[in-house]
Amino acid sequence: AQKVTQAQTEISVVEKEDVTLDCVYETRDTTYYLFWYKQPPSGELVFLIRRNSFDEQNEISGRYSWNFQKSTSSFNFTITASQVVDSAVYFCALWSTGGSYIPTFGRGTSLIVHP
Amino acid sequence: DGGITQSPKYLFRKEGQNVTLSCEQNLNHDAMYWYRQDPGQGLRLIYYSQIVNDFQKGDIAEGYSVSREKKESFPLTVTSAQKNPTAFYLCASSSLEGIYEQYFGPGTRLTVT
């Protein structure tokens, strides 16, 4: 069975602070993909990143960075110098390639960035 | 541009009425999905379809029905049997060719009073 845990329900920061959103996953498959999505107040899920299980390189995209550690089954997301526009709900998801066509989503972390 | 469209964005219905939510994609994806999202909650899978004329129940299919007569269309009907239909509904699609990525529509916010 697959499981994704986002233990942080809500995080509140002040603009320009760095913030890390945690994601811990469980799967028995050796080949899988991990995702982060952003859901702004408008509601649409915006794809941020996909990482496959064989690529443990960290990734940086502007103010966003992702830390993938198979040893701890974690795929954490850091926003550096947060901005008010970063306020959204962020979802982590896992998709194992063992024949399932259904990804598993975490419950999401609501990030509130205060000016 | 390729993508997923859902219409309308906001929908209001009286209790006891069936309502159908539209989802269309022009990405040539084989798989399509419907999710329900309640305030402060994650995504819950209602139905999914991997091929035309075939679909499977997700975690919360009771009170919902779907059809998949065309590859690009996957409408969801919220029936009067659904006890708490007010929610945000998201449609998604994905390729089944090993790409493993879901694309989401803008969602429909359904309010039933």
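Basis of the calculations
Residues numbered from 1 in each chain as written. Chains lettered and ligands numbered in written order. Predicted model: local features only at pLDDT ≥ 70, side-chain atom pairs only at ≥ 80, totals over all residues. Heavy atoms only, no water. Helix = DSSP H or I, 4+ residues; strand = E, 2+ residues; numbered from the N terminus. Buried < 20%, exposed > 50% of the residue type's maximum accessible area, 1.4 Å probe, protein only. Contact = heavy atoms within 4.5 Å. Areas by Shrake-Rupley, 256 points an atom, 1.4 Å probe, with all protein chains shown as cover. Rg over C-alpha atoms; globule rule 2.2 N^0.38 Å. Buried area = accessible area lost by both parts, 1.4 Å probe. Salt bridge = Lys/Arg side-chain N within 4 Å of Asp/Glu carboxyl O. Polar contact = N/O pair within 3.5 Å; in protein donor to acceptor, adjacent residues only side chain to side chain. Nonpolar A, V, L, I, M, F, W, Y, C, P; charged D, E, K, R; others polar. Pairing = 2+ DSSP bridges. Axes fitted to C-alpha atoms, helices over the stretch in contact; angles between N-to-C directions.

1. Observations regarding the overall build of chain A
So, point 1. From N to C terminus, chain A includes zero helices and 12 strands.
So, point 2. In sequence order, the secondary structure elements of chain A are arranged as β-β-β-β-β-β-β-β-β-β-β-β.
So, point 3. C-alpha atoms of chain A, sized along the principal axes, occupy 45 × 25 × 20 Å.
So, point 4. Burial analysis of chain A (115 residues in total) assigns 43% to the buried set.
So, point 5. Restricting the contact set of chain A to residue pairs at least 6 apart, pairs at least 24 apart contribute 57%.
So, point 6. Carbon and sulfur atoms make up 48% of the accessible area of chain A, which amounts to about 5600 Å² in all.

2. Comments concerning the overall build of chain B
So, point 1. Across its full length, chain B carries zero helices and 11 strands.
So, point 2. Along chain B, helices and strands appear, N-terminal first, in the series β-β-β-β-β-β-β-β-β-β-β.
So, point 3. Relative to its length of 113 residues, chain B is compact, with a C-alpha radius of gyration of 13 Å against a globular reference of 13 Å.
So, point 4. The principal-axis extent of the C-alpha atoms belonging to chain B is close to 40 × 25 × 25 Å.
So, point 5. Per-residue burial over chain B gives 48% buried out of 113 residues.
So, point 6. For chain B, the proportion of contacts with a sequence separation of at least 24, taken over those separated by at least 6, is 52%.
So, point 7. A total of about 5600 Å² of accessible surface is found on chain B, and carbon and sulfur atoms cover 46% of it.

3. Quick word on the interface of chain B and chain A
So, point 1. Opposite the 22 residues of chain B that make contact, chain A presents 21 residues.
So, point 2. Where chain B abuts chain A, roughly 1900 Å² becomes buried across the two surfaces, and 58% of that area is made up of carbon and sulfur atoms.
So, point 3. Its largest share of buried area at the contact with chain A, chain B owes to Tyr100(B), Glu101(B) and Phe104(B), together 34% of the area lost on that side.
So, point 4. Here chain B and chain A share one salt bridge between them.
So, point 5. Where Glu101(B) meets Arg50(A), a salt bridge forms, and the shortest distance between an N and an O atom there is 3.6 Å.
So, point 6. The tally of links from chain B across to chain A stands at four residue pairs in polar contact (both at pLDDT 80 or more).
So, point 7. Mapped by element, the contributors of at least two residues to the side of chain B that touches chain A are strand S4 (31-37), strand S5 (43-51), strand S9 (87-94) and strand S10 (102-104) of chain B.
So, point 8. Counting residues per element, the side of chain B that touches chain A draws most heavily on S5(B), which supplies four residues.
So, point 9. Of the residues assigned to the side of chain B that touches chain A, the class counts are 12 nonpolar, eight polar and two charged.

4. Thoughts on the sheet that holds strand S3 (residues 19-25) of chain B
Residues and elements named next belong to chain B.
So, point 1. Spatially, four strands are ordered S1-S3-S8-S7 in an open sheet, and the strand pairing comes out antiparallel. Looking at which strands have only one partner, the edges of the open sheet turn out to be strand S1 (4-7) and strand S7 (64-66). Ignoring which end each strand starts from, the neighbouring axes of this sheet average 20° apart.
So, point 2. As paired strands, S1 and S3 are joined by four bridges and run antiparallel to one another. Bridge pairing links threonine 5 to glutamate 24 in S3.

5. As for unusual backbone geometry
So, point 1. Along the chain, Ser7(B) connects to Pro8(B) via a cis peptide bond; the corresponding omega equals -10°.
So, point 2. Assignment of secondary structure puts Pro8(B) in the loop between S1 and strand S2 (10-13).
So, point 3. Look at Lys16(A): it is not a glycine, yet its phi comes out positive at around 85°.
So, point 4. Along the chain, Lys16(A) falls in the loop between strand S2 (10-14) and strand S3 (19-21).
So, point 5. In the Ramachandran plot, Asn53(B) falls in the positive-phi region, its phi being about 65° despite a non-glycine side chain.
So, point 6. Here Asn53(B) lies in the loop between S5 and strand S6 (54-57).
So, point 7. Classification of Asn53(B) as exposed rests on a relative accessible area of 61%.

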